[in-house]
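# Coordinate inspection notes
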Amino acid sequence: MADADTLTLATINYYCRQKHFRHMQNAALEGVKKYGNDPVLKFFSAYSMVLEDRVQEGMRDLEMLKDKRDVNLCSILALMYGHKKCKTVDREAIQELDAKLKEERKQAGEKGLYFAAVFLFHSGRHDKAREYIDRMLKMNANSREGLIIKGWIDLTCGRDSYAKKAIKYFDDAMQQEGGKDVDALLGKSKYFEMRRNYSGALELANQAVVLFPVFTPALVEKMKIQLTLQDWEQTVETAHRALLKNSNCLEALRYLILHVLCREGNYQEAASKISELVEAMDRFEPRNAYLFNDFGQVFCRLCGRNQLVLQQCYVLAERAVGIENANSEYVNELGYELLMQGRIRDAMKCYRNAMKLDETSVAALTGIIRCQLADNQLEDAAQQLEFLSEIQQSIGKSAEVSYLSAVLARKKQQAPEKVLELLSEAVENHFVGLKGLPLSTQYFYCMNPDFLIQVIQDYLIYAPQQPGAQGQPVHPVLKRCAQVLEPVTRAVPGLLEGLYLMGKVKFLSGDIDAAQSTLQHCLDQDSTFSDAHILMAQIHLHQGNFKLASQSLEVGLSYNFEVRDHPLYHLIKARIQKKMGENEEAVKTLQLAMSLPGVKKQGSRSSAGKKGRITQIGINDRVSVFLELADAHRIADEQHEAAKVMQDAINEFQGTPEEVRIMISNADLSLNRGDVEGALNMLRSISEDQPYFVQAREKMADIYLHHRKDKRLYASCYRELVDKQPSPHTCLLLGDAYMSIQEPEKAIEVYEAALKKNARDGSLASKIGQALVKTHNYGKAINYYEAALKTGNQNFLRYDLASLLLKLRQYDKAEKVLRQALQQEDTVTDLESMIDQTKYLVLLSKLHQHKAQSDDAVLALVKARDMQARVLKRVHMEQPDAVPAQKQLAANICSQMAKHASDQRDYEKAIKFYKEALVYNDQDGKVGLELARLYLMAEDLDACQHQCMSLLKNDGENDAATVMMADLMFRKNEYEQAMFHFQQLLERAPDHYEALSRLVDLMQRAGKLDEVPKFLETAENASTKALVDPGFNYCKGLYEWYTGNPNGALKYFNKARKDTDWGQKAMYCMIEICLNPDNDTIGGEVFETVDDSGAAAERADSEQLAVRTAEKLLKELRPKPGEIRPRLLENMSLIASKSKANIEKALAAFMEIASTERDHVGALYGMAAAYMVLKQVPRARNQLKRVAKNTWNMQDAEDLEKCWLLLADIYIQSAKYDMATELLKRCLQHNKSCCKAYEYMGFIMEKEQAYRDAARNYENAWKYGNKNNPVIGYKLAFNYMKARKYVDAIDICHHVLKNNPDYPKIRKDILDKARASLRV
């Protein structure tokens, strides 16, 4: 029997609940094929016909069933329902059926009562249905189907007391079937939905999908819950799954259309899909007026009035009216859609027809008023609105009526305050209806984004037309617009009109970056959106990017030529021309704008059609055309013409709210003529009850401050504003005024007074904290923040407090504040809180960094990265304009993690993080440069070159990338290429000292130091201040140091020592020189000489003086947290002191660094040097062997060179010349100017009696030491003599004696002998 087939009955019940009546009939007929002429299935088939308005057919089948057991009661009830649906009701037949019902009811069985209850439930008679099912359950308390229908009745009856109990019935039914009844599962899922437990509801829907894979409705319900959870991706996937099972699943098609409209804003695709839906409905629900209407009314409100989509929605609405032409609700909807298409007369006809069908229809009356207002029939509209307002007192206020009242007030030029009050009332009433609604088709219908867009357009008429100054409070109208648009753009980010208006609001609020990113998002979705191009032009104009502004205008024009018929296009074009100094062109452009329809005569329309989204010009822009033309004449010194245009404006706009704005501009003209008093008199005449009073007083204040230089009167203007128009906005203006004239104490008083009136205003609370910090009243600022946080309303101040405590180095307190904020880290679900959590975690990482807790800092960043990944998943949907900022934050987090990894020398991980940062922002040159630097350090030269070339492709003048490219070429021994890059850069900027210092360093490594002086000379000639510039002195010092003149180097470094940019680098170099002025191998024994006691004592004193200087410089250093180099130098100074206790202390410190920093080359070198000085050679050798095979890298270059030289020294001492030579060649491979390596090589050759080879090495040591070191001169002359090059030996001796006359040893040992040999 069919009643045992729970799946078939569940399908029938589901489609009946959803009002898919043909689907219901098809499911019943499928069952009939399966089970034969089953009365239950025949009943549902007949009932579905009645519901489809095929009443006679249905009743004919029901007549045959009214005497059948089990379906008799429900058939009688359905027949009565059918009779009532007929145009002429047969009262007699109903009476007979009623009598039969009473008779049958007395002897009804369990099944009969059950199916009667099912019928009553579906026909909306819940109380009667409950009566029948209760009787049935008395007969069989464990009836599974009885319990399920009882649960559905209670759940949907609309009474919470019953709904709460519904779950008990579903649970009881599921226990009998082991949880495998699909109707019970869907009922329980629906219960969880109503209780807002959406994850629980989804879990049950998933169970239904798994247990009943052929039951498509389970997938449909799952799809709806996923939308409620705002998971569009999964919603679309489930819709596609449903279509795979049933290619004509109407709900799946509907949700895919919603996705295209809401998320993608692809109206062409949406129109095409709606057309497919209409075809599917014509086949599978051809007589379902309810569905045609229900589908169409949601789509049309989401399409931004796109004509293609509206046309298809009109088809749906027309079908609904065609099926049920007596239903006033459907006729009203048809009228609404005609009105959206701009067909006012046709809409009016529809609304009048609806009124005939239902004289009490408020929707029809509202529609008529809309049409009258659109057609400027203001008196008729006013009468109807008055009548409607009277009705409204009994039925409750409606957003629509408040909005229409606002439109009427605006069109009748009533006070802006009145209009804004009505608009605010409309918005409040509208959003009351949305409270508690989950994201669904019902939510989209009730939200009606189209209505809210219209409200915003009216709001913006009363908003400022130019962005406020930086730091100024946001205008209340703009604040209100942002509040309204935020939920619209979050729920429907594909609605371009909404995004465009949000961009405009952000622009006028002064948030230029957010405005640009929002508009860019618009243009990415639809590059032909002309209004967005025009607004983008305004933004570029505001930023001073005239070329880009002009480009945006032209691009907008290229997509829609009707743009040039709009005065706004000419207005912006003229402003660009004025800014670019093309004043005559600006005058012509504005005169052309004046001639366009709609500018001079109020109420006439622009000649542009509707196709291009061009709207009627607002009064604001009309006034702007006059004022800009007057200003253009003033600039051209045509005062008479300017005055004439201004007079025309006064005549044109007399009696309008804009009259005051013209007066303010007139004051500007007076000001330009030097008539300050005249300007002030004009502004004083503007009274507090007039619009633009606030702007007039702001202008007066500006005149007092900048023309009269009177701070007292400046502040008094704002005080007057607060006295006459007290509001949080004017209080904020007064507080900001006090701040701008450096009176923060008074500002704090004003802010605090304003905060008392408006305790929830976050910007006020924040400003108080900032003002206290500005007065350096840090203690009071901390107390204020803590007190504000205790109230519980100002949680956003937690970040400000933690930042302040961090700044004051109160790390423990800052950490406590951040830990409190992060307590909810794992449970936060709303986007704003998640964004805050990321900020807290990044700040916590910074705090750990200051405390040198590197591991904790990294852990905080890992958590921040995970949280930001969650934010980015949702921000696209909920706050599309915030996407760029959030992506940048994600990139910054990855960059910080890369920096930590790089500091730990984990270059592979650092590269991975930098690459991730570039995924978020591929235009970030700084990150790109760091990535290239890491590739260079990891010796991945090809990857480094590719990265540098990418950077230079995007920015040909990226100096840092050019320097790195040159560095790279040096590494590849492509000297000419490297020089080309440096020459390019230094020709462009000879005083680019960063590049010059790098060039000196690389020239030294390339062995071409002799070419550096010409670059230093060019830099010196490029700037008159070069000789005192710290950067130049640093470069000069570097050159002197590398050419063996430590005293000269110290002199130049000292000149750069106090600079913020170059000071640290200079001091590091000075310390290195003080610790090793002669560039000896510390601890090396090969070149140890035995001086006489006097010279030795003098040398020791000199060395100790240098060490003390180094210690003093070390104290001056301001290293970054966690920096290792200062610790290395500090311990090297202990070694240089030659005290055994100090050396052992240094050794312990180096060991600690080496253990925490994983084989740090500098630390290993320090350990080896300490062991050498302590004469523990084997230990030193063991440490040095750890780095003997290390790959050379730029970061460790200096330390590696020292290690290799010291190890070579040890090998030479033990006569392992081959091993020493190998190390020395490695040194010279990476530093062709390494004097010490050449000296050691010479020594080895000399020992092997290869005097010519020895001489060649000493020659290089002598050359690269700038012929300054007499010891090398001596060795060179000696080897020349041994190689029988007596003349060369004599020349070297003369050179040494000339520079060092106190070096007589060379005369006796070499000069005299060489002369004697020459004579022989």
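Keep in mind the model is a prediction, meaning the values are calculated, not measured.

Let's shift gears to the overall build of the chain. Of regular secondary structure, the chain possesses 71 helices and zero strands. The globule rule puts the C-alpha radius of gyration for 1320 residues at 34 Å, and the 43 Å found for the chain is more than 25% above it. The burial tally for the chain puts 55% of its 1320 residues in the buried class. Surface exposure of the chain reaches about 60,000 Å², of which carbon and sulfur atoms provide 48%.

On to the packing of helix H7 (residues 110-122) against helix H9 (residues 144-156), then. For the pair H7 and H9, interaxial distance at closest approach is 11 Å and the crossing angle is 25°. Taken together, H7 and H9 sit at an angle that is classed as roughly parallel. Where H7 crosses over H9, the two elements pack in a sense that is left-handed. Residues Lys111, Tyr114, Val118 and Phe121 of H7 form the contact with H9, whose participating residues are Glu145, Gly146, Ile149, Trp152, Ile153 and Thr156. Class assignment for the residues of the contact of H7 with H9 results in six nonpolar, two polar and two charged.

Quick look at unusual backbone geometry now. For alanine 1215, which is not glycine, the phi torsion reads 60° and is therefore positive. Mapped onto the elements of the fold, alanine 1215 is located in the loop between helix H65 (1197-1213) and helix H66 (1217-1230). Residue alanine 1215 is classed as partly exposed on the basis of its relative accessible area of 49%. One non-glycine residue, glutamine 1249, lies in the positive phi region at around 60°.

Summed over all chains, the structure comprises zero disulfides. Sulfur of cysteine 944: no disulfide; nearest cysteine sulfur belongs to cysteine 948 and is 4.2 Å away. Owing to a relative accessible area of 0%, cysteine 944 belongs among the buried residues under this scheme.

This part covers the environment of isoleucine 576. On the secondary structure map, isoleucine 576 appears in helix H33 (residues 567-579). C-alpha of isoleucine 576 to C-alpha of proline 467: the two residues are 109 residues apart in sequence and 16 Å apart in space.

Turning our eyes to something else, we now look at the packing of aromatic side chains. Here the structure, examined in full by the defined rule, presents 20 aromatic pairs. A centroid spacing of 5.4 Å and a plane angle of 80° characterise the contact between tyrosine 403 and phenylalanine 451, whose relative ring orientation is edge-to-face. Taken as a pair, tyrosine 403 in helix H24 (residues 399-411) and phenylalanine 451 in helix H27 (residues 449-461) lie far apart in primary sequence, 48 residues in all. Overall, phenylalanine 451 belongs to the buried group, its relative accessible area being 2%. Ring-pair connections join several aromatic residues into one group, and the members of that group are Phe43, Phe44, Tyr47, Tyr81, Tyr114, Phe115 and Phe119. Sitting over the face of the ring of tyrosine 290, lysine 19 holds its NZ or CZ atom 5.3 Å from the ring centroid. Over the aromatic face of tyrosine 1052 sits the side chain of lysine 1051, whose NZ or CZ is 5.1 Å from the ring centroid.

Another point: the pattern of salt bridges. Here the structure, examined in full by the defined rule, presents 61 salt bridges. The closest approach of N and O atoms between lysine 150 and aspartate 134, which form a salt bridge, is 2.8 Å. In this pair, lysine 150 sits in helix H9 while aspartate 134 sits in helix H8 (residues 126-139), placing the two residues 16 residues apart along the sequence. Classification of lysine 150 as buried rests on a relative accessible area of 6%. For aspartate 134, a relative accessible area of 30% translates into the label partly exposed. Here glutamate 1239 ties to lysine 1275 by a salt bridge, and the two come within 2.9 Å at their closest N and O atoms. With glutamate 1239 in helix H67 (residues 1235-1247) and lysine 1275 in helix H69 (residues 1270-1282), the pair connects residues that are 36 residues apart, well separated along the chain. In terms of burial, glutamate 1239 and lysine 1275 fall into one category: buried.

Let us look at the nonpolar core. By size, the foremost hydrophobic cluster in this structure holds 201 residues, and its most contacted members are Phe43, Phe44, Phe299 and Phe444. For this core, the element with the highest residue contribution is helix H16 (residues 250-264), accounting for ten residues. With 195 residues, the next largest nonpolar core counts Met897, Met1067, Met1167 and Leu1224 among its residues.

A few words on the confidence of the model for the chain. Overall, the prediction assigns the chain a mean pLDDT of 84, with 93% of residues at 70 or greater. The weakest mean pLDDT in the chain belongs to helix H43 (residues 762-774) at 66; the strongest belongs to helix H14 (residues 216-228) at 94. Scored below 50 in pLDDT, residues 602-615 makes 35 contacts in the model with residues more than four places away or belonging to other chains.

The next point concerns the packing of helix H20 (residues 328-340) against helix H21 (residues 344-357). Closest axis-to-axis distance for the H20/H21 pair is 8 Å, and the angle between their directions is 165°. Between H20 and H21, the crossing angle belongs to the class labelled roughly antiparallel. Considering how the two elements wind past one another, H20 and H21 form a crossing that is left-handed. When H20 is examined against H21, the residues Ser328, Val331, Asn332, Leu334, Gly335, Tyr336, Leu338 and Leu339 are found in contact with a partner set consisting of Ile344, Asp346, Ala347, Cys350, Tyr351, Asn353, Ala354 and Leu357. Looking at the contact of H20 with H21 residue by residue, the class counts come to eleven nonpolar, four polar and one charged.

This part takes up helix H50 (residues 907-920). Over its 14 residues, H50 extends 20 Å from the first C-alpha to the last, a length consistent with the 20 Å expected when each residue adds 1.5 Å. Here H50 has its buried residues at Tyr907, Ala910, Ile911, Phe913, Tyr914, Glu916, Ala917 and Leu918.

As a further point, take a negative patch on the surface. A cluster of like negative charges, contributed by Glu584, Asp637, Glu638 and Glu641, occupies part of the molecular surface. Judged by its relative accessible area of 34%, glutamate 638 falls in the partly exposed class.

What follows covers the side chain of arginine 370. With respect to the element layout, arginine 370 can be found in helix H22 (residues 362-374). Setting aside its immediate chain neighbours within four residues, arginine 370 contacts Leu339, Glu400, Tyr403, Leu404, Phe451 and Gln454.

Quick look at H24 now. Taking 1.5 Å of rise per residue, 13 residues should cover 18 Å, and H24 covers 18 Å from first to last C-alpha, within 8% of that figure. Most of H24 is tucked away, with ten of its 13 residues classed as buried. Taken as a whole, H24 has its buried residues at Ala399, Val401, Ser402, Tyr403, Leu404, Ser405, Ala406, Val407, Leu408 and Ala409. Directly after H24, the chain includes glutamine 413, whose backbone phi takes a positive value near 55°.

Tracing the sequence through the fold places isoleucine 323 in helix H19 (residues 307-323). C-alpha separation for the pair isoleucine 323 and lysine 138, spaced 185 residues apart in sequence, amounts to 43 Å. The contact partners of isoleucine 323, leaving out residues within four places of it in the chain, are Pro286, Arg287, Asn288, Ala289 and Phe292.

Residue position: valine 220 is located in helix H14. Separated by 30 residues in sequence, valine 220 and leucine 250 place their C-alpha atoms 9.7 Å apart. Once you skip the residues sitting within four places of it in the chain, valine 220 turns out to touch Tyr14, Cys249 and Glu251.

Thresholds, definitions, all that
- Residues numbered from 1 in each chain as written.
- Predicted model: local features only at pLDDT ≥ 70, side-chain atom pairs only at ≥ 80, totals over all residues.
- Heavy atoms only, no water.
- Helix = DSSP H or I, 4+ residues; strand = E, 2+ residues; numbered from the N terminus.
- Rg over C-alpha atoms; globule rule 2.2 N^0.38 Å.
- Buried < 20%, exposed > 50% of the residue type's maximum accessible area, 1.4 Å probe, protein only.
- Areas by Shrake-Rupley, 256 points an atom, 1.4 Å probe, with all protein chains shown as cover.
- Axes fitted to C-alpha atoms, helices over the stretch in contact; angles between N-to-C directions.
- Parallel < 35°, antiparallel > 145°, perpendicular 65-115°, else oblique.
- Left-handed = near helix turned anticlockwise from the far one by under 90°.
- Contact = heavy atoms within 4.5 Å.
- Nonpolar A, V, L, I, M, F, W, Y, C, P; charged D, E, K, R; others polar.
- Disulfide = S-S within 2.5 Å.
- Phe/Tyr/Trp six-rings, centres within 6.5 Å; stacked < 30°, edge-to-face > 60°.
- Lys NZ or Arg CZ within 6 Å of the ring centre and 35° of its normal.
- Salt bridge = Lys/Arg side-chain N within 4 Å of Asp/Glu carboxyl O.
- Core = buried A, V, L, I, M, F, W, Y, C linked by side-chain atoms within 4.5 Å.
- pLDDT = per-residue confidence, 0-100.
- Expected span 1.5 Å × (residues − 1).
- Patch = residues over 30% accessible without salt bridge, like charges linked within 9 Å, V, L, I, M, F, W, Y side chains within 5 Å.
- Lys, Arg positive; Asp, Glu negative; His and termini not counted.
- Charge placed at Lys NZ, Arg CZ, Asp CG, Glu CD.

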